Each structure stands twice: as structure tokens, then as C-alpha cells.
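An overview of the molecular structure
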Amino acid sequence: MKHGVNQFIQKQNNLSLILHYLVRNRSCTRVWLAKKTGLTQASVGKHIAQLLEWGMVTEEEGITTEKGRRPRRLELQGAKYRSISIRINRDYITCALFDMSGRQYDHKQIPVKATEGVDAAMAKMYKAVGHMIRTSDIKPICMGLAVAGPYNKRTGKIVLMSGFPGWEKVDLQAELEKAFSIQTFVEHDAVCGAMAETWFGSSSPNSNLIFIAADKGIGAGMVINGNIYEGRDGFAGEFGHSSINVFGPQCECGNLGCLELYGTLKAMLDDYKDEVGNPLDTGLEPEEITEEYFIRKVREKDPTAVEIYKKTIGYLGFGVVGLVNTMSPDTVVFGDKIIIDRDLFIDTVTRVLKRYLVGEIFQGLEIRTALPDMDSILVGASVIAFERLLQDPSASFTTD
Ligand SMILES: [Zn+2]
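Residues numbered from 1 in each chain as written. Predicted model: local features only at pLDDT ≥ 70, side-chain atom pairs only at ≥ 80, totals over all residues.

On to the overall build of the protein chain, then. Tallying secondary structure elements over the protein chain gives 13 helices and 17 strands in all. Its C-alpha radius of gyration of 22 Å places the protein chain within 12% of the 21 Å reference for a compact globule of 400 residues. By principal-axis analysis of the C-alpha atoms, the protein chain measures approximately 80 × 50 × 40 Å. For the protein chain, with 400 residues in total, the buried portion stands at 40%. (Helix = DSSP H or I, 4+ residues; strand = E, 2+ residues; numbered from the N terminus. Rg over C-alpha atoms; globule rule 2.2 N^0.38 Å. Buried ≥ 20, exposed ≤ 12 C-beta atoms within 10 Å, placed from the backbone.)

Written out as C-alpha cells, the structure is:
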């Protein structure tokens, strides 16, 4: 089944708004929820009745003290419903099991290789997901997929995964729903990250947030007033293929001087190899200078590696300026593998943004890296799956 395509998807409904506050605060009162959401107490009451019926919240017994009746507290019971998250990347597929509050129960990362082909990668993924479903004490009710590269919402297919051809032929949603009979939702990885950062990292579910995912490619997920902005067919945020150098080399996409050629981990590694790749300098063969080696060098504060890291962050920051000026968000979050050293990253990118952004837009802009101790993209795929279910909740949640 194909899900509808709107430029703004998952129009946030009041149920998910209430759940967002419960996820953030775990425990609160009806009066507090009404104040925070702007809903009437009657409306909050109606939704809470529904959540109580589904077992997503519990409410304590009323206590009367000398000062009168104490407001009863609501408690989120996120553990009752589970979701499978799958993140498909060029080098690995990650599967995890989450509940509604973002708690992780199971996790598996499987290395995949382009040379083995998509069928082999899919087979490994099915095996891992199948095992996860069988061993979970609660059957997952939905599945969220985060995919790298441009993803066409209308056809349900990845358009291009650079460095791993073949994925563009697979209708992931249809294949997974057929294999596991679980409602499945596919999203661009940066969009998943943006949603997780909004749910778990923002004080308000109505915030405007841009999530920049930079690894081998660069993508942006945009949340406007709490809703994902997808653009036509879900292509919004493909800004890694915006040119920052009209005289630059040709990119895989056909454009010249794309940001991806300058602001990614791949760009850094290529630069580093040019600098020190000569075996005479390092005693290493070029193929021994891997991503992991470079990351280690940055962490060890190797001057050449740090210089190249800072230069790349500079390009990335410069590339983001147009997007931030256009949207003027509350928050811009940087995530994924480019965050090798959090302090160095934030320090460098903030200086670039301060230098090039419109002053009023920079003032008050929150610039941060993705939440530590969680893979925003992975957990975000689950958040999105749960949010989509809440649009037609009676079909998915049980009353027993
Ligand atoms: Zn390009």
C-alpha cells in the first residue's frame, strides 16, 4: 500500500502533540498538558481517555491531602508498543527495536558490500529483521526505514545511492510489508534525524528545525512548526547537490562543484590522502588510510588531520548558510559521521555561520550537534512510523 504524498506530511494531530509532551516529560498532569498544547481541557480529556484505553498512559489514583485534592499524574507507558527501525547505508544496514518512548531493546549492525549486490544485502536484512521480530516479547506494530540518498515518495524507490547501485530497483516498502505483514514507512535519513531531534531534543513540538546529516553524502531534514517538510515527491532537503563552486569538478549527479564534493567525510579523506598518502610520509599504503584511520587521527589531534577537518566543516557551514537564511529556523542540528569531535565541530561551524548568516538570523539561532548516545536517524525512523500510525490510530492500537 502506498501512503499519500503531501508537501507537508504527517500533519501533526493533537494525539501526537500530547504524546510528544509525554515522551519528553514522562509524567505530567492534564492541566499542564492543556496549558502546553493550547488545547481545551475537554479536548485533552478526550485524547487522554483514548490513550488510557490503548494502554499508552496510566493515571495515578486521586489523592486528597489536607490542602485539597492533588492533581492526578499521567505516566507514559511507552513500552507497550514496539517498532522496528532499519537504516540502510552504503556500507551497513542497521536494525533496531524501539518502543514509543525511544527506548531501544535490540540492535544489530550488518556490514554490506556493493560488490555483493542488493539481493545479498536484502537477504541479510530480512534475516536480521525476522530474528528481531521472532525474539521480541511484544510483536512490533510498525516498521520505519531510513534510507540514504534521494528517495522518491511517489514511486517508493531510492533514486540513487552513490557507491551502491541496485537499490533504485527495489520497492522497499512493498517488499517489507509483503515479507513481514507489518505496516512500513520509508523516509530519507535526514528527515528521520530531524524528527528524532524534534521529539527528543526540542522543548517544543512546534519548533522549526533543520537537521543536517553529513557522512559520505549530505542531506537536510526540515521540520517546520513540528511538521516534516517533504517537498514534491519527498525530495526536499537534497541540498548536498547544490553547487558551492561553479568552476568546480563534475559531481556524480551531473552538477558542477556540489557541496558534497567539499563538505563530507569522503572529501576529507581524499584531501588527507593527497596530503599524507605518499607511503614515504606515513609508511602506509594508500588503501591503509581508511575513514577509521582518519577519524582516529583527528581525535589524536594530528595537526594535518585537524586542519583538513576544520576546512571541511567550513565548507559544510558555508553550504548551509543559504538554507538557514531561507528558513530562519529555531535550531540547526548537525549529525552523522561528520561529528568526529563535537567541540571542534561546533566551534568551527558556529564561527562560519556567524560570519556568513544574516545577523538577525544568527542571533538566537541554536546550533548544536545531534543528541549523544542515540542514533537520531535510526530512532527517528521509528518515531515517524509511530506518528504515521497515529493518523489512523484505531487500525493499529488495541484496547485490551
Ligand atoms: Zn552533485
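Splitting the protein chain by domain gives domain 1 (14-78), domain 2 (79-194 + 376-395) and domain 3 (203-369). Here the C-alpha centroids of domain 1 and domain 3 sit 40 Å apart. (Domains from an automatic or database assignment.)

Of all hydrophobic cores here, the largest spans 102 residues; its most connected members are Ile86, Leu145, Ala194, Met195, Phe211, Ile212 and Ala381. The element best represented in this core is helix H13 (residues 376-389), accounting for nine residues. Those residues in contact with Phe211 that sit more than four places away from it in its chain are Ala190, Gly193, Ala194, Glu197, Ala220, Gly221, Val333 and Gly335. (Core = buried A, V, L, I, M, F, W, Y, C linked by C-beta atoms within 7 Å. Contact = placed C-beta atoms within 7 Å.)

This paragraph deals with the sheet that holds strand S2 (residues 57-59). Strand order in the open sheet made by the three strands is S1-S5-S2, with antiparallel pairing throughout. Strands with a single pairing partner mark the edges of an open sheet, and in this sheet they are strand S1 (27-28) and S2. (Pairing = 2+ DSSP bridges.)

What follows deals with unusual backbone geometry. Of all residues except glycine, most have a negative phi; of all peptide bonds, most are trans. In this model, Asp233 sits at a positive phi of 55°, which is unusual for a non-glycine residue. Counting through the fold element by element, Asp233 comes out in the loop between strand S15 (227-229) and helix H7 (265-276). Positive phi, close to 65°, is recorded for Lys301, a residue that is not glycine. For Lys301, the location among the structural elements is in the loop between helix H9 (291-299) and helix H10 (303-327).

All right, on to the environment of Lys216 then. Within the fold, Lys216 resides in the loop between strand S13 (209-214) and strand S14 (218-224). For Lys216, a count of 23 C-beta atoms within 10 Å corresponds to the buried category. Spatially, the C-alpha atoms of Lys216 and Gly263 are 9.0 Å apart, while their sequence positions differ by 47 residues. Setting aside its immediate chain neighbours within four residues, Lys216 contacts Arg90, Gly163, Thr264, Leu265 and Lys266.

Further remarks concern the pairing of strand S12 (residues 183-188). Counting buried positions along S12 yields six of six residues, so the element is predominantly enclosed. Burial along S12 is two-sided: Gln183, Phe185 and Glu187 facing one way and Thr184, Val186 and His188 facing the other are all buried. Pairing geometry for strand S9 (residues 142-147) and S12, over six bridges, is parallel. Across the sheet, the residue bridging to Met143 is Thr184, located in S12.

Turning to the pairing of strand S6 (residues 82-88), a few remarks are in order. Along S6, seven of the seven residues are buried, which leaves the element largely enclosed by surrounding structure. Both faces of S6 are covered, namely the face carrying Arg82, Ile84, Ile86 and Ile88 and the face carrying Ser83, Ser85 and Arg87. In the sheet, S6 pairs with strand S7 (residues 92-99) via seven bridges, with the strands oriented antiparallel. Pairing of Ile84 across the sheet is with Leu97, part of S7. Hairpin connection from S6 to S7: three residues lie between these consecutive antiparallel strands. The pairing of S6 with S9 spans six bridges and is parallel. By the bridge assignment, Ile86 is partnered in S9 with Leu145.

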